[in-house]
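Below, each chain spelled out in residue letters.
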Amino acid sequence: MKIMGVETSCDETAIAIVEGKRILANIVSSQSKVHAPFGGVVPEIASRHHIENIPLVMDEALHQAGLNLAQIDGVAATYAPGLLGALLVGLQYGKSLAFALNKPFVGVNHIEAHIHSVFLENQEVAYPFLALIVSGGHTHLFLVKEFGRYELLGGTRDDACGEAYDKVAKLLGLGYPGGPLIDKRAPLGNPKAFRFTKPKLKGIFDFSFSGIKTACLLEVQKQNGKLSENFINDMSASFQSAAIGFLIDRLVSATHQLKVYNWVICGGVSANQGLRKTLEIVSKENDCRYFIPSVPLCTDNGAMIAYVGGRYLESGKHSPFSLNAQACSELPS
Ligand code: KG4
Ligand code: ZN
């Protein structure tokens, strides 16, 4: 089945066409330049840009795949979680397309799609596995029992990891999105220049990033408005080391408690070079296998939506056209 996947949950207007695990087209139109002056995504602006971009992105996807609309066998679109106005654009577009083409439609959960992005690259991940989703909007640890069955082990109590990256980058005057900019600076600085206390949380697999972010703010304020290159590099290195240390700490605890030794790391922050290097070492130390998408599939894309949508459609599951967008949602257990 050739499935069109539509993704507009945040600031990427993305459409892909996927057949099984084969990506026939994968077009992502990022709005990051539009939101950069604000240091983060402005929901209303994101929705308006999705409306303008989406027909162009679809035409480009069909062109790249060498297909016309009549050759599409089904349509999948993200329905949750994300920015409500932004989600509504892609979801309505996907539903309308399926209705007009008289093809089956399925709504896809964005988190479930991130978890399965590694499958698109033929990485053979055996169930059960632990999935760490780290992005701008989400930081969750799941036990994935099988396709469609998930147990939430923990999540962030405040900021998502990528959100903290973006906010610290803003404090350092680096720009938006901040994750890749801090990642570039981190190897130039001293990761021990600033020490951050590990947050103490009741839920053993929960996360918190707002304390680290506030500690960065206090250090920046001590500089009286003048941030030297050394300070920016040292702060980038120290923040990155603390954030990664925290993620890995939870992942390793869950591994030993649940005796599950396969890891999937996904979401925008999984593009981080420091995280990738640390995973290489820590996975060996703990006798684990880890799976991580290539960088273009770490951030939001339509291919992961089309892939998960395709699996549901092939198993006979459709969504009604009454399916609505949801800003927050849980995965099936
Ligand atoms: O998955 P994604 O594209 O969108 C959401 O679902 O949120 O993730 C975007 C987030 C942003 O916060 C961005 O700063 C972060 O991923 N990110 C990174 C890197 N590349 C993107 N964070 C750290 N290091 C990176 N190399
Ligand atoms: Zn995402």
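Residues numbered from 1 in each chain as written. Chains lettered and ligands numbered in written order. Predicted model: local features only at pLDDT ≥ 70, side-chain atom pairs only at ≥ 80, totals over all residues. Heavy atoms only, no water.

A. Spotlight on the overall build of the protein chain. Along the backbone of the protein chain there are 11 helices and 10 strands. Here the protein chain has a C-alpha radius of gyration of 20 Å; the compact-globule value for 333 residues is 20 Å, and the two agree. Taken along the three principal axes of its C-alpha coordinates, the protein chain extends 60 × 45 × 30 Å. In the protein chain, which comprises 333 residues, the proportion classed as buried is 54%. Pairs at least 24 residues apart make up 73% of the contacts formed inside the protein chain by residues separated by at least 6 positions. Surface exposure of the protein chain reaches about 14,300 Å², of which carbon and sulfur atoms provide 54%. (Helix = DSSP H or I, 4+ residues; strand = E, 2+ residues; numbered from the N terminus. Rg over C-alpha atoms; globule rule 2.2 N^0.38 Å. Buried < 20%, exposed > 50% of the residue type's maximum accessible area, 1.4 Å probe, protein only. Contact = heavy atoms within 4.5 Å. Areas by Shrake-Rupley, 256 points an atom, 1.4 Å probe, with all protein chains shown as cover.)

B. Summary view of the coordination of the zinc ion (ligand 2). Ligation of the zinc ion (ligand 2) by protein atoms is provided by His-110 (NE2), His-114 (NE2) and Asp-300 (OD), these donors lying 2.1 Å from the ion. If you look at the zinc ion (ligand 2), its four donor atoms make angles of 94 to 149° with each other, and the shape they trace is irregular. In primary-sequence terms, the residues that donate to the zinc ion (ligand 2) follow H-x3-H-x185-D. Taken together, the positions of His-110 in helix H4 (residues 110-115) and Asp-300 in the loop between helix H10 (295-298) and helix H11 (302-314) put the pair 190 residues apart, joining distant regions of the chain. (Donors = N, O, S within 2.8 Å, 3.2 Å for Na, K, Ca; no water. Tetrahedral: all angles 85-135°; square planar, octahedral: opposite > 155°, others 65-115°.)

C. Quick look at the site of ligand 1. Around ligand 1 there are 20 residues in total, and Gly-136, Gly-137, Asp-166, Gly-268 and Asn-272 lie nearest to it. Between an oxygen atom of ligand 1 and a side-chain N or O atom of Asp-166, the distance comes to 2.7 Å. Contacts to ligand 1 include Asn-272, whose side-chain N or O atom sits 2.9 Å from a nitrogen atom. Of the pockets mapped on this structure, ligand 1 occupies the largest pocket. For the shell around ligand 1, the elements supplying multiple residues, two or more each, are H4, helix H5 (161-171) and helix H6 (178-185). (Near = heavy atom within 4 Å. Polar contact = N/O pair within 3.5 Å; in protein donor to acceptor, adjacent residues only side chain to side chain. 1 Å grid on protein atoms, 1.4 Å probe; cavity = no way out; pocket = protein on both sides within 12 Å on 5 of 7 lines; lining within 4 Å. Sits in = over half its atoms within 2 Å of the grid points.)

D. Examining helix H8 (residues 229-258) more closely. With 30 residues, H8 should cover 44 Å at 1.5 Å per step; its first-to-last C-alpha distance of 43 Å lies within 8% of that length. Two residues or fewer past H8, Lys-259 is found with a positive phi of approximately 55°. (Expected span 1.5 Å × (residues − 1).)

E. Just the pairing of strand S8 (residues 149-155), in detail. Relative to S8, strand S7 (residues 139-146) runs antiparallel, the two being bridged by six bridges. Its bridge partner being in S8, Leu-141 is matched across the sheet by Gly-154. Counted along the chain from S7 to the antiparallel partner S8, the turn is two residues long, and its residue Gly-148 has a positive phi close to 90°. (Pairing = 2+ DSSP bridges.)

F. Expanded view of the pairing of strand S2 (residues 12-19). Across the eight residues of S2, seven count as buried, placing the element largely inside the fold. Where strand S1 (residues 2-7) meets S2, six bridges bridge the pair, whose relative direction is antiparallel. Note on S2: the bridge partner recorded for Gly-5 is Ala-16. Hairpin connection from S1 to S2: four residues lie between these consecutive antiparallel strands.

G. Highlighting the sheet that holds strand S6 (residues 129-134). Sheet architecture is open: five strands sit in the order S8-S7-S6-S9-S10, paired in mixed fashion. In this open sheet, the two strands that pair with only one neighbour each are S8 and strand S10 (289-291). Across the sheet, the axes of successive neighbouring strands diverge by a mean angle of 25°, strand direction being ignored. Note: strand S9 (residues 262-266) against S10, three bridges, orientation parallel. Across the sheet, residue Asn-262 finds its bridge partner in S10, namely Arg-289. (Axes fitted to C-alpha atoms, helices over the stretch in contact; angles between N-to-C directions.)

H. Summary view of the layout of surface pockets. Here the largest pocket is characterised by a volume of approximately 1,300 Å³. Forming the walls of the largest pocket are 47 residues, and the residues nearest its centre are Cys-10, Ser-135, Gly-136, Gly-137 and His-138. Taken together, the elements giving at least two residues each to the lining of the largest pocket come down to H4, S7, S8, H5 and H6. For the lining of the largest pocket, the leading source of residues is H5, giving five residues. A breakdown of the residues in the lining of the largest pocket according to their chemical character gives 18 nonpolar, 21 polar and eight charged. (Points joined across faces, edges and corners; volume = space filled by probe spheres on them. Nonpolar A, V, L, I, M, F, W, Y, C, P; charged D, E, K, R; others polar.)

I. Region of interest: the domain arrangement of the protein chain. Each assigned domain of the protein chain is listed here: domain 1 (2-115 + 297-314) and domain 2 (125-292). Put simply, the middle of domain 1 and the middle of domain 2, counted by C-alpha atoms, are 27 Å apart. Listed per partner, the contact involves 19 residues of domain 1 and 21 residues of domain 2. Buried area between domain 1 and domain 2, both sides added, is near 1,500 Å², and the carbon and sulfur share of it is 72%. Together, Ile-111, Ile-115 and Cys-298 form the three largest contributors to the area buried by domain 1 at its contact with domain 2, with a combined 40%. Applying the counting criterion to the domain 1 and domain 2 interface returns four residue pairs in polar contact (both at pLDDT 80 or more). (Domains from an automatic or database assignment. Buried area = accessible area lost by both parts, 1.4 Å probe.)

J. Quick look at the sheet that holds strand S5 (residues 105-109). Within the open sheet, the five strands sit side by side as S3-S2-S1-S4-S5. Their pairing is mixed. Looking at strand neighbours, the two that pair on one side only are strand S3 (22-30) and S5, the edges of this open sheet. Going from strand to strand, the sheet's axes swing by 20° on average, the running direction of each strand aside. Running at roughly 25° to S2, helix H2 (residues 43-65) makes contact with S1, S2 and S3 of the sheet. Packing of helix H3 (residues 84-101) onto the sheet brings it into contact with S1, strand S4 (74-80) and S5, and relative to S4 it is tilted by some 155°.

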